[in-house]
Amino acid sequence: MAAKSDGAAVSVEDDNTPRSLSEPGNPVARSRCTAAGGKPYTLLDCCWVLCALLVFFSDGATDLWLAADYYLRGDYWWFGLTLVFVVVPSAVVQVLSFRWFVYDYSDLSAGDSTLSTKDSDQHGGNAPAVNAANVTPVYASSGPPAAAVRVGSPRRCCTICMWVFQTVLHVLQLGQVWRYVHALYLGAQSRWHRNGPRRHFHWRLMFESADITMLRLLEAFLKSAPQLVLQLSIMIHGNGVLPLQGLSASASLVSLAWMIASYQKVLRDSRDDKLPMSYKAVIAQMLWHFFTIGARTVAFALFASVFQLYFGIFIVSHWCVMTFWIIQGETDFCMSKWEEIIYNMVVGIIYIFCWFNVKEGPSRFRMALYYSVTLAENVALTAAWYTYRGPQTSDSSALVVVCLVACSFALGTFFMLVYYCWLHPDGPVLGSQWGGCVDEGVVGTGGMVGVIDACLTPSQGSQTDMVITSPPRTLPRTKDKDLGDPVPGERDRDKDSCLPVFQVRPSPSSSPALLHRTSSTSRAQEGPVIRIDLPRKRYPAWDAHFIDRRLRKTILLLETTSAISPRIQYRSSLMGSKEVLEYETTV
């Protein structure tokens, strides 16, 4: 049986297959960590969240302080623009945050929900059934559950207090602050508890961290980026820098760089098929974006101080070109087509200021193209300002500003190379020590097909004999010529023409006897499996269970009722090549 979640069927059942064979999306390097409930929450993680809170408050406080200063000075035009770029983006983000809260909490406070378990006392092999968030109860066996646990709804007074508390927080524009504090609480709980409670708090921590980074990234490019350009333009137009102006511009720039790096770290931490990003790499990426965005915004401000109308035309044209480029790349982040288009339009705004990877696969050529265009635009904008600047700006001051733009962009490029050459989680990217690609192959003698889609470095190849990684993001479409009988000798000729560099050797544990023995003991080690009838989204997209909030509820409810952490399997990881062919030709 299955339940629908945004068009995707979700089934919950016990799994009898070992993790190493049933989940080709989990690399060997992170399987133990994921099985144990994620990496432990450290003091460094706590300090990072506290620093994020400091960045959030400094950015908002300096903008409001500057707006009040403009009002007291009588600069009502600058006061209005500064205040608009603070209030409007913050209100948009608060509405989105409150909408997520309403969806997450409404079903928990609406009434009773029934959770059923079967054989929960036998080796941890329980098969929970969920009835919440429009998820149909699913049992692993045909019989009724042996025991039923009824979870009562929160008391009415507590429910009202929670709703009032969240409403007041979001009206005061403090929704993100509450989420940061909640993340600190969940991190501390995941560190203090063990086993089941630790896994539950770890899941909630990852979901909360994903929400925070998405909200803050949206706010950064709706508020901090326009505010930075506005304040730099005011400085150049007035031929002077007030202390509050410099403080506000610096806080906005730090907020932008911080949120891009933080977003990438949380995204990698949420993916079990990607290695986590170290804090050294995060700092390097933050410096990379700090200097490149700084050079970009200074060039914008220089040009806007002389050509206000043409600057607006340039921004709109650049956004249209970047959005079209992103749409042509066929991203797959959202659950529907229209949400995907809106997402691409938002990423187009990000592309006005900096690079943001949204497509799976090697990005060095696309990034080189983007920064080549950005460099050309920065040079053209700065040269236009230098040529048509006002008489109040001396030649020496103009040369200093031009050198500032050039040096800032050069420093950003330097830290980008540092990140990719030494600190990238997957190892040095700009090098010649890449191994070959592993092609598709059959794993074991039991007929289990493993989809092999990875490039091994020599160090990785020496650590393991079998590497199974994520399946393709989308299922390949069946062509007419693929439906007929294969031509004799054609398959052998294809194998000879594309020999894989690394061969996949059958593991000793994949023999029929050992496989049966492992299957019989896996029920004691593996808990329920959430099977999602969707192909898994490939990095750098979020997994469906992070952006679909009904899947989140299913996972959290199973974590509460199961002694073993539930595992997630997507459609691609459950189908062999024959099943994929049948699915495509019949649906």
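Source: prediction; values computed, not measured.

How each quantity is defined
- Residues numbered from 1 in each chain as written.
- Predicted model: local features only at pLDDT ≥ 70, side-chain atom pairs only at ≥ 80, totals over all residues.
- Heavy atoms only, no water.
- Helix = DSSP H or I, 4+ residues; strand = E, 2+ residues; numbered from the N terminus.
- Buried < 20%, exposed > 50% of the residue type's maximum accessible area, 1.4 Å probe, protein only.
- Contact = heavy atoms within 4.5 Å.
- Areas by Shrake-Rupley, 256 points an atom, 1.4 Å probe, with all protein chains shown as cover.
- UniProt positions renumbered as here; feature names shortened; annotations may be inferred.
- pLDDT = per-residue confidence, 0-100.
- Salt bridge = Lys/Arg side-chain N within 4 Å of Asp/Glu carboxyl O.
- Pairing = 2+ DSSP bridges.
- Lys, Arg positive; Asp, Glu negative; His and termini not counted.
- Phe/Tyr/Trp six-rings, centres within 6.5 Å; stacked < 30°, edge-to-face > 60°.
- Expected span 1.5 Å × (residues − 1).
- 1 Å grid on protein atoms, 1.4 Å probe; cavity = no way out; pocket = protein on both sides within 12 Å on 5 of 7 lines; lining within 4 Å.
- Points joined across faces, edges and corners; volume = space filled by probe spheres on them.
- Arc of directions from axis to C-beta.
- Patch = residues over 30% accessible without salt bridge, like charges linked within 9 Å, V, L, I, M, F, W, Y side chains within 5 Å.
- Axes fitted to C-alpha atoms, helices over the stretch in contact; angles between N-to-C directions.
- Left-handed = near helix turned anticlockwise from the far one by under 90°.
- Nonpolar A, V, L, I, M, F, W, Y, C, P; charged D, E, K, R; others polar.
- Core = buried A, V, L, I, M, F, W, Y, C linked by side-chain atoms within 4.5 Å.

(A) The overall build of the protein, seen in detail. On a plain count of helices and strands, the protein comes out with 19 helices and 10 strands. Across the 587 residues in the protein, those meeting the buried criterion constitute 48%. Long-range pairs, those at least 24 residues apart, make up 76% of the contacts in the protein between residues at least 6 apart in sequence. Taken as a whole, the protein presents about 29200 Å² of accessible surface, with 65% of it coming from carbon and sulfur.

(B) Representation of the UniProt feature "transmembrane region" (unreviewed entry) in the protein. UniProt records the feature "transmembrane region" (unreviewed entry) for residues 40-57, 77-98, 242-261, 282-303, 309-329, 341-358 and 400-420 in the present numbering. With 95% helix and 0% strand, residues 309-329 has its two end C-alpha atoms placed 31 Å apart. Within residues 341-358, the helical portion is 72% and the strand portion 0%, while the C-alpha atoms at the span's ends are 13 Å from each other.

(C) Spotlight on the confidence of the model for the protein. The share of residues in the protein with pLDDT of 70 or more is 65%, and the mean pLDDT across the chain is 74. The low-confidence segment residues 31-36 (pLDDT under 50) makes seven contacts with residues lying over four places distant or belonging to another chain. For residues 432-487, every residue scores under 50 in pLDDT, and the model assigns this stretch 108 contacts once sequence neighbours within four places are set aside.

(D) Summary view of the pattern of salt bridges. Counting across every chain of the model gives 20 salt bridges. Close ionic contact of Asp543 with Arg536 constitutes a salt bridge, the shortest N to O distance being 3.0 Å. Across the pair, Arg536 and Asp543 agree in class, each one buried. Through salt bridges with shared partners, a single ionic network connects Asp104, Arg179, Glu208, Asp211, Arg549 and Arg552.

(E) Molecular detail of the pairing of strand β9 (residues 528-532). Here β9 lies mainly inside the structure; five of its five residues are buried. Side-chain alternation along β9 places Pro528, Ile530 and Ile532 on one buried face and Val529 and Arg531 on a second face that is also buried. Pairing analysis gives four bridges linking β9 to strand β10 (residues 567-570), with the strands arranged parallel. Bridge pairing links Arg531 to Gln569 in β10.

(F) Quick look at the side chain of Asp63. As for its placement among the helices and strands, Asp63 is situated in helix α3 (residues 43-73). Of the side chains with opposite charge, Lys223 comes closest to the buried, unpaired Asp63, at an N-O distance of 4.9 Å. In this structure, Asp63 is in contact with Thr82, Val86, Lys223, Gln227, Ser248 and Ser252, ignoring residues within four places of it in sequence.

(G) Representation of the packing of aromatic side chains in the model. This model, assessed by the stated rule, comprises 37 aromatic pairs. Aromatic pair Phe101 and Trp163: ring centres 5.2 Å apart, planes at 65 degrees, arrangement edge-to-face. Of the two residues, Phe101 is situated in helix α4 (residues 76-110) and Trp163 in helix α5 (residues 156-171); the sequence distance between them amounts to 62 residues. Taking relative accessible area as the criterion, Phe101 reaches 10% and is therefore assigned buried.

(H) Inspection of helix α11 (residues 337-353) at higher detail. For α11, which comprises 17 residues, the first-to-last C-alpha distance of 25 Å matches the rise-based estimate of 24 Å (1.5 Å per residue) to within 8%. Within α11, the full set of buried residues consists of Glu340, Tyr343, Asn344, Val347, Gly348, Ile350, Tyr351, Ile352 and Phe353.

(I) Representation of empty space enclosed by the protein in the model. As enumerated under the stated definition, the model contains two cavities of 30 Å³ or more in all. Its boundaries defined by the atoms lining it, the second largest cavity holds a volume of some 30 Å³. If you go around the second largest cavity, the residues you meet are Thr292, Ile293, Arg296, Phe353, Cys354, Tyr371, Thr374 and Phe409. Contributions of two or more residues to the lining of the second largest cavity are made by α9 (279-304) and α12 (364-388). Tallying contributions element by element places α9 first for the lining of the second largest cavity, with three residues.

(J) Structural detail: helix α10 (residues 308-328). Relative to the 30 Å expected for 21 residues at 1.5 Å per residue, α10 spans 31 Å between its end C-alpha atoms, a close match to the ideal helical length. Every buried residue belonging to α10 is among Phe311, Phe314, Ile315, His318, Met322, Thr323 and Ile326, and all of these are buried. Down the axis of α10, the buried side of the element spans an arc of 155 degrees, and every buried residue falls inside it. Those residues of α10 that are exposed and angled more than 90 degrees off the buried face are Leu309, Tyr310, Val321, Phe324 and Gln328. Residue Glu330 follows α10 closely and has a positive phi angle near 55 degrees.

(K) Inspection of a nonpolar patch on the surface at higher detail. Residues Val84, Val87, Val88 and Val92 make up a contiguous nonpolar surface patch of roughly 310 Å² in combined accessible area. Summarising the element assignment, Val84 is placed in helix α4.

(L) Fine view of the packing of α3 against helix α8 (residues 243-270). For the pair α3 and α8, the least separation of the axes is 9 Å and the interaxial angle reads 150 degrees. For the element pair α3 and α8, the recorded crossing hand is left-handed. Contacts between α3 and α8 involve Trp48, Cys51, Ala52, Val55, Ser58, Asp59, Thr62, Asp63, Trp65, Leu66, Asp69 and Tyr70 from the former and Leu244, Gln245, Leu247, Ser248, Ala251, Ser252, Val254, Ser255, Trp258 and Ser262 from the latter. Residue classes in the contact of α3 with α8 are distributed as 12 nonpolar, seven polar and three charged.

(M) Main features of the nonpolar core. Residues Phe221, Trp288, Phe300, Tyr351 and Phe356 are the most contacted members of the largest nonpolar core, which totals 98 residues. Among the elements that line this core, the one with the most residues is α9, at 16 residues. Sequence-distant contacts of Tyr351, that is, excluding residues within four places in its chain, are made with His318, Met322, Trp325, Ile326, Phe356, Asn357, Val358 and Tyr370.

(N) Representation of unusual backbone geometry within the structure. That bond from Tyr539 to Pro540 is cis: its omega, 15 degrees, falls within 30 degrees of zero. Positionally, Pro540 belongs in the loop between β9 and α17 (544-547). One non-glycine residue with positive phi stands out, namely Gln173, at about 65 degrees. You can call Gln173 partly exposed: its relative accessible area is 27%.

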